[in-house]
Amino acid sequence: MQDGFNDPLWRQVVSGAQMLFVAFGALVLMPLITGLDPNVALFTAGIGTLLFQLVTGRQVPVFLASSFAFITPIILAKGQFGLAETMGGVMAAGFVYTFMGLMVKIKGTGFIDRMLPPVVIGPVIISIGLAMAPIAANMAMGKGGDGAALMPYKTAMLISMPALLTTLIVAVFGKGIFRLVPIIAGVLVGFALSFAFGVVDTAKIAAAPWLEVPNFTAPAFNWQAILFIVPVALAPAIEHIGGVIAVGSVTGRDYLKKPGLHRTLLGDGLATTAAGLFGGPPNTTYAEVTGAVMLTKNYNPKIMTWAAVFAITLAFIGKFGALLQSIPVPVMGGILCLLFGSIAAVGMNTMIRHKIDLAEARNLVIVSVTLVFGIGGVLIGSGDGPDDWGLKGIALCAVVAIALNLILPGNDGWKNKKLDDQLP
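Per an unreviewed UniProt entry, the protein goes by the name Uracil-xanthine permease family protein and belongs to Pseudomonas maumuensis. Per UniProt, the comment on the protein under Sequence similarities (unreviewed entry) is "Belongs to the nucleobase:cation symporter-2 (NCS2) (TC 2.A.40) family." What UniProt records for the protein under Subcellular location (unreviewed entry) is the sentence "Membrane".

Following this line, the structure appears as C-alpha cells:
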C-alpha cells in the first residue's frame, strides 16, 4: 500500500506544502480575529508541530496550529488584562495539557472520562461557539466587536455574504483536496470583492519589508488572567484526544498506545506553552489536515515536518503578514457565521453521539446551567477591572460544568429520575 514512507524527498516537500495549504485558512484566521500577529501564529504553529514530533518520536502525522476554542477568552482577556498577561494564561493552559499527560501516564485514561464526560464537554463546546455569535454578526455587518461601525452596512454585506456563500459551496460541493480549503476560498472571494470596493489598505502592504522578524510578545504572569484562560483548556484537551483517535483510524495505528496519549498530550502542551512564550495563539491538532492525510493516503509524519518548516519560513516574510492583516473585517465576519455555528454544532453532536438523555434531571441541570453561565455573561467575582477578581464566560461555564458533574449524584436512584419527578 502506498503510504508515503518511501516517497522521494521532493515529493515529501510538496506534500508538506500541501498540508500547510490545507491548514492555512484556519491557522491565520484565528489570530486575525483575536488581534494577534498572524506571522507569529505561523511561527508558533511550525515550532509547536516540531516540538510535538520531538516528544512523540515523529510517529503521528498531525499538524498543530491555532485553536478556535480560545478565541473568546483571548479577546476578553486582552481587553481586561493586556496581551502579555494573556500570553501568560496561554502558557498556563499548556501546562494543563502537560499535567493531564502526566496523569494519563500514572492513572490511565479513566480519570479523563470521569472528569470530562460528554455531558460536560458538549455544552462547553456549544458555549464556545454561541458566545461569539454576536461578534461574528457584527463583523459581517461591518462593525467591530464592540458594535462600532467600521464601514457602510451595504458594502460590508456585499463582501461578507459572498464570502460566506463561497465557503458554504466549497465545503459542501468541493471535490478532492479543494473540499478541505473552504476558508481559503471564502477569504479569496471576500478579499477580491474588498479590492473592488476599495476598502483594502494597500499602503501598509507596500510599506512592509519583505523580510521581517515577527512581532513576538513576551508573556507576563497574572493569576487573574491565568484563572480566566486555563479552564478553557479542558475542552481542547478532549478535542486533542478525538484528533489523535481520528488520525489513528485513518492510518490504521493506535496512537493512544504508541507513542501513547501521555506523550501526545505532552507534545500538545509544550506546543501551546511555546506559543504563549512567543505571543502566539494556543495550538491544537487540525481536523482539516487529518482529512488531507485520509484523502492523499500519505501517512508519513515527515511531511508534517516540512509543513512546519514552510510555516516558520512564511512567518519571516513581512509583506505576507501585512497582506493578511489588511483583510477587511466583513470578510472574516462572513466566514465566522459558519465557523462559530459549526463549533456549536460539534458540541450538540457530542451529546447526540453519546446519547445524553436530557430527560434525566442530572443531565438537564448540568447542560442548562453550563449554557446560561457560558453565554449569558454571568460573572463570579468582584468586577471586570484588571485588578479585580472575576470568572466569567467560557472559563466559568467549564468550571461549573466540571463541578456539577463531580458533585451531583450520578450512580444512585436520583440520576435515573426524570425532571418531572423532581417537581412538586
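Turning our eyes to something else, we now look at the overall build of the protein. The secondary structure content of the protein amounts to 20 helices and four strands. By the compact-globule yardstick of 22 Å for 424 residues, the protein fits well, its C-alpha radius of gyration being 21 Å. A principal-axis box enclosing the C-alpha atoms of the protein has dimensions of 70 × 55 × 45 Å. Residues classed as buried in the protein amount to 54% of the 424 residues present. The long-range fraction of contacts in the protein, counting pairs at least 24 apart against all pairs at least 6 apart in sequence, stands at 82%. Counting every atom, the protein has about 17800 Å² of accessible surface; 67% of that belongs to carbon and sulfur. Of the charged side chains in the protein, 25 are positive and 20 negative; the average position of the first set lies 10 Å away from that of the second.

Turning next to helix H8 (residues 153–173). Its 21 residues give H8 an end-to-end C-alpha distance of 29 Å, which sits within 8% of 30 Å, the value for a rise of 1.5 Å per residue. Inspection of H8 places Thr155, Ala156, Ile159, Ser160, Ala163, Leu164, Thr166, Thr167 and Val170 among the buried residues, and these make up the whole buried set. Across the axial projection of H8, the buried residues extend over an arc of 160 degrees, all falling on one side. Exposed and oriented more than 90 degrees from the buried face of H8 are Tyr153, Lys154, Val172 and Phe173. Elements in contact with the buried residues of H8: helix H7 (133–140), helix H9 (182–196) and helix H17 (329–353).

Another point: the nonpolar core. Leu27, Leu29, Phe63, Phe68 and Phe70 are the most contacted members of the largest nonpolar core, which has 106 residues in total. Sort the elements by how many residues they give to this core and helix H1 (residues 9–34) lands first, with twelve residues. Non-local contacts of Leu29, meaning those with residues more than four positions away in its chain, are made with Phe68, Ile183, Met332, Ile335, Leu336 and Leu339. Core analysis: the second largest hydrophobic core is formed by eight residues, Phe52, Val62, Leu64 and Ala271 among them.

Here Thr49 shows up in helix H2 (residues 38–56). A residue is classified by how much of its surface remains accessible, and Thr49, at 0% relative accessible area, is buried. In terms of polar contacts, Thr49 uses its side chain to reach the backbone amide nitrogen of Leu64, at 3.1 Å. Those residues in contact with Thr49 that lie beyond four places of it in its chain are Val62, Phe63, Leu64, Met304 and Ala308.

Take the side chain of Thr86 next. On the secondary structure map, Thr86 appears in helix H4 (residues 83–107). Under the relative-accessibility criterion, Thr86 is labelled buried at 0%. A polar contact of 2.7 Å, which involves the side chain of Thr86, links it to the backbone oxygen of Gly82. Each residue touching Thr86, except ones within four places of it in the same chain, is listed here: Ile74, Ala77, Lys78 and Ile229.

Procedures and definitions
- Residues numbered from 1 in each chain as written.
- Predicted model: local features only at pLDDT ≥ 70, side-chain atom pairs only at ≥ 80, totals over all residues.
- Heavy atoms only, no water.
- UniProt positions renumbered as here; feature names shortened; annotations may be inferred.
- Helix = DSSP H or I, 4+ residues; strand = E, 2+ residues; numbered from the N terminus.
- Rg over C-alpha atoms; globule rule 2.2 N^0.38 Å.
- Buried < 20%, exposed > 50% of the residue type's maximum accessible area, 1.4 Å probe, protein only.
- Contact = heavy atoms within 4.5 Å.
- Areas by Shrake-Rupley, 256 points an atom, 1.4 Å probe, with all protein chains shown as cover.
- Lys, Arg positive; Asp, Glu negative; His and termini not counted.
- Charge placed at Lys NZ, Arg CZ, Asp CG, Glu CD.
- Expected span 1.5 Å × (residues − 1).
- Arc of directions from axis to C-beta.
- Core = buried A, V, L, I, M, F, W, Y, C linked by side-chain atoms within 4.5 Å.
- Polar contact = N/O pair within 3.5 Å; in protein donor to acceptor, adjacent residues only side chain to side chain.

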